[in-house]
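# Coordinates in review
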Amino acid sequence: MKRLRFTLALFFVILAFNACKNQDSKTSQLVENTNRWYMNAAIYNVDVHVFKDSDGDGTGDFNGLTEKLGYLKSLGIDVIWLAPFQPTTNRDDGYDITDYYGIDPKAGTPKDFLRFMQAAKKLHIKVLMDMVLNHTSIAHPWYQQARADSTSKYRNWYVWSSRRPKDYDKGMAFPGVQAETWTYDEVAKKYYFHRFYDFEPDLNFENKEVQAEARKIITYWLKQGVYGFRLDAVPFMIDRPERGDKDKDPMYFVLNDLRAEMSKSNADAILLGEANIPPKETKLFFGENSSRLQMMFNFYANQYLFNSLANENAKSFVNALQETHEKPTQSQWAYFLRNHDEIDLGRLSGHDRNTVYKAMGPEKNMQLYERGIRRRLAPMIHNNQKLEMCYAMLYSLPGAPVIRYGEEIGMGEDLTLQERLSVRTPMQWNDSVNAGFTSGKTPVRPIISSGDYQYQKVNVASQQKDAHSLLNTIRHLIEVRKKCPEIGLGKWKLLKTDTDDALAIAYQYKGTSLITVYNFTGKNISVNIDVQQQQARLSNVLSTNDHINLSGNKLHVALNGYGYKWYKVTD
Ligand code: NOJ
């Protein structure tokens, strides 16, 4: 009898998915993902310089990070994404590299790095590193030779123009801070192109030697054990600066080449692309059968998520999820709430952007680059229940969840610091002097020491002791997520609800199913969800004693303000 009920339930789940398939052509990609290690990986982004200082010099280092690997393991982290740690002039927080093959001495020695890699491996934590190939630092020896000697092979490694191009003040990555993209070099007596700051000249990827060097760099790091790269500024890296009659198609082949090269060293290694692109370009960046990037941050959905959070209405986020639904089955979206940069709201309409500003970054000093907000998530949301709902959502979106160090305890920002440094303050470990980050007198960057988010109030040690802390909530979410392979591997679809107050998603993997529901508003709501399924038992996997016996094809869920549920669907 039991088996019969189970078979029936399964039959209806399958029926429901097929029915939806016919109903909506946009959900045509209702297929399971290929089971690869990154599909469901919990990723943690850390800047070694501000995480943990082991030697008291005030700067975090690899030995400090190694000490804290147990902490990350206990949180459930599968992958560490290391922010840039190579030698740098440090004018763009390490994204201005002066030697691709080295380790910034402030972060440790090559030996320390390898010790860290071995310790991570022992704990089955994979390591990705930032790979900044779009540009070098202006102090990089390649650029120095390129500018000084027109016959040097490095001259053509960068992008030059004898006259000031017409678009010299267009296409800035940092509007409001950066004045131009072509700057005159007094030594070269030419203009050089820089998508970002003028101290970050773009490398010329049309040059085969540059392409070869990029392959050499990634191979070098793969040999040190990294499992792949968070590839910086991908659209800019493969883009061709406007130069008259030049072919304007982006150089997607560079991504194919990097992938092919990577698989020679490690067939499992990945490229996780930083590519803030519109949905119609998704396939171009992932490539046919995922031949280019295996992963990309879903920047598109991120902006609409913030729009929805500000409006307390799920609709625009629902649409964005639908628009980014289709992708190759071997590729995966990386979802995030906040990262180390400003929240980029550039794709929202002026009206919507202003709504987000008003709700989450009302002061001018909180806004940046005419499009974003330079705050951490906790102060932006400023409501514990809503914050918790955001993380429950993050860990159940159909992709791999990425958080940044300090998010798990709800750290705040320091708006006295320049640009994006506001969200890059040292990790707050405990309430002792300097938050347990360093025993030295002067931390590399000020530690948040006043207001609601000061380290005396917001720190790892105190949250470890509190069963209901954000830290323990996130730990629990990750733990449960690992028991729900449906989320990252399954087919998924947005369920129709009778209110835009709520978001509901159904996932199905190898015959098992899951439904998650979120209330975007602060009020208690009851939502009717169209499940097209006749009989099933739904058990909330995040809390005990919460079951629904479904009969009929409407699922009725009551949610408290900013409430959420994850239901396993069984017989
Ligand atoms: C994107 C990185 O996320 C950002 O932090 C950096 O400033 C630019 N790329 C330039 O490398």
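Attention here is on the structure that accompanies the text. One numbering rule holds for all chains: residues counted from 1, following each sequence as written. It should be noted that, the model being predicted, local features are given only for residues of pLDDT at least 70 and side-chain atom pairs only at 80 or more, the latter also being counted only at that level, while totals for whole chains, interfaces and linings use all residues. Remark: hydrogens and water are excluded; side-chain values derive from all non-hydrogen atoms of the structure.

## Observations concerning the pattern of salt bridges
Here is the rule we go by: Throughout this description, the term salt bridge denotes a Lys or Arg side-chain nitrogen within 4 Å of a carboxyl oxygen of Asp or Glu. Counting from the N terminus, the helices are the DSSP runs of H or I reaching at least four residues and the strands are the DSSP runs of E reaching at least two. Relative accessibility thresholds used throughout: buried, under 20% of the residue-type maximum; exposed, over 50%; partly exposed, between the two (1.4 Å probe, protein chains only).
Counted according to the given criterion, the structure contains 25 salt bridges. For arginine 445, the salt bridge is made with aspartate 93, and the minimal N-O distance between the two is 3.1 Å. Within this pair, whereas arginine 445 is found in the loop between strand S14 (400-404) and helix H15 (460-465), its partner aspartate 93 is found in the loop between strand S2 (79-82) and helix H4 (110-122), the two being separated by 352 residues in sequence. Per residue, the accessibility class of arginine 445 equals that of aspartate 93, and both read buried. Put simply, glutamate 479 and lysine 483 hold a salt bridge, and the shortest N to O gap is 3.9 Å.

## What to know about the packing of helix H10 (residues 299-311) against helix H12 (residues 350-360)
Note the following rule: Axis geometry follows a simple rule: fit a line to the C-alpha atoms, using only the stretch in contact for helices, then measure angles between N-to-C directions, giving values from 0 to 180 degrees. Should an angle lie under 35 degrees it is considered roughly parallel, over 145 roughly antiparallel, and from 65 to 115 roughly perpendicular; all remaining angles are considered oblique. The handedness criterion is simple: a crossing whose near helix is rotated anticlockwise from the far helix by less than a right angle is left-handed, and one whose near helix is rotated clockwise is right-handed. Two residues qualify as a contact provided that any one of their heavy atoms is within 4.5 Å of a heavy atom in the partner residue. Only Asp, Glu, Lys and Arg are considered charged in this grouping, and only Ala, Val, Leu, Ile, Met, Phe, Trp, Tyr, Cys and Pro are considered nonpolar; every other residue, Gly among them, is considered polar.
The N-to-C vectors of H10 and H12 enclose an angle of 60°; their axes lie 9 Å apart at closest approach. The angle between H10 and H12 falls in the class oblique. Every pair of crossing elements has a handedness; the one defined by H10 and H12 is left-handed. In this structure, H10 uses Phe306, Asn307, Leu309, Ala310 and Asn311 to contact H12, whose residues at the interface are Asp352, Thr355, Val356, Ala359 and Met360. Here the residues of the contact of H10 with H12 sort into six nonpolar, three polar and one charged.

## Some remarks on the packing of aromatic side chains
Worth spelling out the cut-off: Between the rings of Phe, Tyr and Trp (Trp by its six-membered ring), a pair exists once the centres lie within 6.5 Å; its type follows the angle of the planes, with under 30 degrees stacked, over 60 edge-to-face, and the other angles tilted. Comment: the charge-over-ring label is applied if NZ (Lys) or CZ (Arg) is within 6 Å of the ring centre and within 35 degrees of the ring normal.
Applying the stated criterion across every chain yields a total of 37 aromatic pairs. Ring centres 5.1 Å apart and planes at 55° place the aromatic pair tryptophan 182 and phenylalanine 193 in the tilted group. With tryptophan 182 in strand S5 (residues 182-185) and phenylalanine 193 in strand S6 (residues 190-193), this residue pair connects regions lying 11 residues apart in the sequence. Of the two residues, tryptophan 182 and phenylalanine 193, both sit in the buried class. Ring-pair connections join several aromatic residues into one group, and the members of that group are Phe62, Phe85, Tyr101, Phe113, Phe116, Tyr220 and Trp221. Residue placement shows lysine 68 over the ring face of tryptophan 429; its charged tip is 4.1 Å from the ring centre. Over the ring of tryptophan 160 we find arginine 155, and its NZ or CZ is 5.1 Å from the ring centre.

## Some details on the site of the ligand
The condition that has to hold: Definition of nearness: a residue and a molecule or strand are near each other if at least one heavy atom of the residue lies within 4 Å of the molecule or strand. The term polar contact refers here to a pair of N or O atoms within 3.5 Å; inside protein, the definition further demands a hydrogen-donor-capable atom paired with an acceptor-capable atom, and it admits residues adjacent in sequence only when both atoms are side-chain atoms. Only the protein chains shown count as cover for residues, with accessible areas throughout obtained via the Shrake-Rupley method and a probe of 1.4 Å.
Lining the immediate environment of the ligand, one finds 13 residues, of which Asp92, Asp232, His340, Asp341 and Arg420 sit closest. For the ligand, an oxygen atom lies 2.8 Å from a polar atom in the side chain of histidine 340. A distance of 2.9 Å separates an oxygen atom of the ligand from a polar atom in the side chain of arginine 420. Protein coverage of the free-state accessible area of the ligand, which is 290 Å², stands at 98%. When the residues that make up the shell around the ligand are grouped by side-chain class, the tally is three nonpolar, two polar and eight charged.

## A short note on the pairing of S5
The condition is simple: Two strands pair under a simple rule: DSSP has to find at least two bridges between them.
The pairing of S5 with S6 spans four bridges and is classified as antiparallel. Note that in S6 the partner of aspartate 185 across the bridge is lysine 190. Between S5 and S6, which pair antiparallel one after the other, the connecting turn spans four residues, and lysine 189 there sits at a positive phi close to 55°.

## Some remarks on the pairing of strand S20 (residues 535-540)
Sheet analysis places S20 next to strand S21 (residues 547-551), joined by five bridges and oriented antiparallel. Its bridge partner lying in S21, glutamine 535 is registered against serine 551. Connecting S20 to the antiparallel partner S21 that follows it, the hairpin turn spans six residues, and asparagine 545 within it adopts a positive phi of roughly 55°. Two elements, S20 and strand S23 (residues 564-570), share four bridges in a ladder whose sense is antiparallel. By the bridge assignment for S23, serine 539 is matched with lysine 568.

## Considering the sheet that holds strand S7 (residues 228-231)
Read around the barrel, eight strands follow the order S1-S2-S3-S7-S8-S9-S10-S14 and close on themselves; strand pairing throughout is parallel. With direction set aside, neighbouring strand axes in the sheet form an average angle of 25°.

## Observations concerning the packing of helix H14 (residues 384-394) against helix H16 (residues 470-482)
Contact pair H14 / H16: the axes reach a minimum separation of 10 Å and the direction vectors enclose 20°. One way to sum up the angle between H14 and H16 is to call them roughly parallel. As for the relative orientation of H14 and H16, their crossing is right-handed in sense. Packed against H14, whose contacting residues are Leu387, Glu388, Tyr391, Ala392 and Leu394, the element H16 presents Leu470, Thr473, Ile474, Leu477 and Arg481 at the interface.

## Remarks on the sheet that holds strand S13 (residues 372-373)
If you trace the three strands from one edge of the open sheet to the other, you get S11-S13-S12, paired in antiparallel fashion. Every interior strand has two partners, whereas the edge strands, strand S11 (343-344) and strand S12 (367-368), have only one. Relative to S13, S11 runs antiparallel, the two being bridged by two bridges. Across the sheet, residue isoleucine 343 finds its bridge partner in S13, namely isoleucine 373.

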